[in-house]
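Structural overview for review
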Amino acid sequence: MSSSGQTQFRYTQTPSKVVHLRNLPWECVEEELIDLCKRFGKIVNTKSNVGANRNQAFVEFADLNQAISMVSYYASSSEPAQIRGKTVYIQYSNRHEIVNNQSPGDVPGNVLLVTFEGVESHEVSIDVIHLVFSAFGFVHKIATFEKAAGFQALVQFSDVETASAARNALDSRSIPRYLLPEHVGSCNLRMSYSAHTDLNIKFQSHRSRDYTNPYLPVNHTAMDGSMQPALDADGKKVESQSNVLLGLIENMQYAVTVDVLHTVFSAYGAVQKIAIFEKNGSTQALIQYSDIATAAIAKEALEGHCIYDGGYCF
């Protein structure tokens, strides 16, 4: 009786070109929705991961009769609609078209706004943030702060594609437990795109970093003890070292490529990553080694020298 009641409910709904799907598997993607619905007609729009549990979706057909065909078929079929073996409940939507109104946070950009849920600001260091996001490409800058939403960070990549890859992989995920203090249970990441394109970092500190500018002054009052600048025997500040080198490429006569830089810098050790970008009218590159010692050897050998005779000076 409950089955016929459900069928009657579906039939008495006002038909719509938009079909509402519920009880979807976690992170159901557009391709899975289309695969389920395409047999009934042309699909013109979809909207997935809707609802508090992100387990609902909407599919809009080109024609009303196509939506009626799908709802009617599954209302009377002994075989329920399924995605990944999970039963999906289908009914008409009370909307007649899908309007994908993009908020500013949905417009792709090269800077991500990250909210860290379940932790205080002192429980996730900027070095951990850098480590997590560097898995997807060179992180240019990071700025952390506290707002009403909690502990947040702006993470800047060189391009939209890299930022999108990081967001798609990490949004709604947790930072690995071994990177967190023992007393912290978990730290979930929530992400959106920021309207910023180039963060203005004035000082290196435990709250903000510019990984493209090793000469940026250090804010001594805002650094962790481990990040205090080293001093030589005369009490003068020693330039901080890193396993990532920033190279300014001058006197170029030919185009510089990643392959060229890889060939040159690999002579001093295994190069992990290379990024070339334009900044302030000049060509610059970031070269990452596995350790500081190797980067220091390469810097000592190449700084001020030419890659080829007549050009490519660092």
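Per an unreviewed UniProt entry, the protein goes by Polypyrimidine tract-binding protein homolog 1 isoform X3 and derives from Camelina sativa.

1. Considerations on the state of the cysteines
In the structure shown here, the tally under the stated rule is zero disulfides. Looking at C28, it has no disulfide partner, and the nearest cysteine sulfur is the one in C37, 9.3 Å off.

2. Digging into the confidence of the model for the protein
Mean pLDDT over the protein works out to 82, with 82% of the residues at or above the 70 mark. The element-level mean pLDDT for the protein is lowest in helix α1 (residues 2–12), coming to 43, with strand β1 (residues 18–22) highest at 95. Here residues 1–11 is modelled with pLDDT under 50, and outside its nearest four sequence neighbours on either side it reaches 12 contacts, counting other chains as well. Confidence drops under pLDDT 50 across residues 222–233; counting only partners more than four residues distant or on other chains, this segment forms 20 contacts.

3. Let's talk about the packing of aromatic side chains
Counted under the stated rule, the structure contains five aromatic pairs. Judged by centre distance (4.9 Å) and plane angle (85°), the rings of Y73 and Y74 are edge-to-face. What makes Y73 partly exposed here is its relative accessible area of 34%. Plain terms: the ring middles of F133 and F157 are 6.5 Å apart, the flat faces sit at 50° to each other, and that makes the pair tilted. Separated by 24 residues along the polypeptide, F133 in helix α4 (residues 126–133) and F157 in strand β8 (residues 150–157) bring together distant segments of the chain. This pair shows no difference in class: F133 is buried, exactly as F157 is. Feature note: the residues F40, Y73 and Y74 constitute an aromatic cluster, connected by ring pairs. For R39, the ring lying beneath its charged end belongs to Y73, and the centroid distance is 4.7 Å. It is R95 that lies over the ring of F58; its NZ or CZ is 4.1 Å from the centre.

4. Regarding the environment of E182
Assignment of secondary structure puts E182 in the loop between α5 (160–170) and β9 (188–193). Residue class for E182 comes out exposed when judged on its relative accessible area of 77%. Put simply, E182 and E123 are 59 residues apart on the chain and 9.9 Å apart in space, counted from C-alpha to C-alpha.

5. Quick notes on unusual backbone geometry
With phi around 55°, N49 is a residue other than glycine that occupies positive phi space. Within the secondary structure, N49 is located in strand β2 (residues 43–50). At R84, a position not held by glycine, the phi torsion is positive, near 55°. Exposure remark for R84: the relative accessible area of 52% places this residue in the exposed category.

Cut-offs used in this document
- Residues numbered from 1 in each chain as written.
- Predicted model: local features only at pLDDT ≥ 70, side-chain atom pairs only at ≥ 80, totals over all residues.
- Heavy atoms only, no water.
- Disulfide = S-S within 2.5 Å.
- pLDDT = per-residue confidence, 0-100.
- Helix = DSSP H or I, 4+ residues; strand = E, 2+ residues; numbered from the N terminus.
- Contact = heavy atoms within 4.5 Å.
- Phe/Tyr/Trp six-rings, centres within 6.5 Å; stacked < 30°, edge-to-face > 60°.
- Buried < 20%, exposed > 50% of the residue type's maximum accessible area, 1.4 Å probe, protein only.
- Lys NZ or Arg CZ within 6 Å of the ring centre and 35° of its normal.

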